[in-house]
Amino acid sequence: MGKRWIEKVKTNTLMTEELALSELFNPDVFLNALRQKTSRKLKVPIDGMKIAVGFESGKLQSPFVVKVRGLLLQGCGFESGRLVDPPQDLQEFIQLPICYMAWISSSDPDPYPATSLCLTPIYYDSMREKLLIKVQMPNSGSVSDRVISGVAVLLAESE
């Protein structure tokens, strides 16, 4: 797994190919390095950055956008790039499509209207013992319903 990441760095394709954060020992270090690099490029203090996510190519306006694959959703449904009420036959884990992640200036508007966002935790695995980051995900429906149902994104299932 690590060899693929090293090869992507050597060939300068890390930021253009799909990445699985679950392949890293410390995905938090990768996200922080991305934040630092973006902060320098935008000439914004590192504390003046926020993470943004989307499920549409081109939705995020940042010099460095990462295409993340392999994320799992638990606790609700997902349709047309948004969290939705769970269907009757909801599986425990739903494979999310490619998720675009980027750091943007805190003063920049979110890529989606604030009224349609749900603060969603991303955990390392389904045990939910270690939090990676919280992100504002596009949502259709009641945010309180998402909180009650324990919605979360996971890098991987527990082994």
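Structural notes, computed from the coordinates. (Residues numbered from 1 in each chain as written. Predicted model: local features only at pLDDT ≥ 70, side-chain atom pairs only at ≥ 80, totals over all residues. Heavy atoms only, no water.)

1. A closer look at the overall build of the protein
The helix and strand tally for the protein stands at three helices and 11 strands. Secondary structure elements of the protein, listed N to C terminal, follow the sequence α-β-α-β-β-β-β-β-β-β-β-β-α-β. Scaling as 2.2 N^0.38, a compact globule of 159 residues should have a C-alpha radius of gyration of about 15 Å, and the protein matches this with 16 Å. Each principal axis of the C-alpha atoms in the protein carries an extent, and together these give about 45 × 40 × 25 Å. (Helix = DSSP H or I, 4+ residues; strand = E, 2+ residues; numbered from the N terminus. Rg over C-alpha atoms; globule rule 2.2 N^0.38 Å.)

2. As for the side chain of Thr 38
Residue position: Thr 38 is located in helix α2 (residues 27–42). Apart from residues no more than four positions distant in its own chain, Thr 38 is found in contact with Met 49, Ser 62, Pro 63, Phe 64 and Trp 103. (Contact = heavy atoms within 4.5 Å.)

3. Some thoughts on the packing of aromatic side chains
Summed over all chains, the structure comprises one aromatic pair. When the centroid spacing of 4.8 Å and the interplanar angle of 65° are considered together, the rings of Phe 55 and Phe 78 count as edge-to-face. A residue pair is termed long-range when its members are at least 10 positions apart, and Phe 55 in the loop between β2 (49–54) and β3 (65–68) and Phe 78 in strand β5 (residues 77–79) qualify at 23 residues. For Phe 55, a relative accessible area of 12% corresponds to the buried category. Sitting over the face of the ring of Trp 103, Arg 35 holds its NZ or CZ atom 5.2 Å from the ring centroid. One cation-aromatic arrangement involves Lys 130 over Tyr 124; the distance from NZ or CZ to the ring centre is 4.7 Å. (Phe/Tyr/Trp six-rings, centres within 6.5 Å; stacked < 30°, edge-to-face > 60°. Buried < 20%, exposed > 50% of the residue type's maximum accessible area, 1.4 Å probe, protein only. Lys NZ or Arg CZ within 6 Å of the ring centre and 35° of its normal.)

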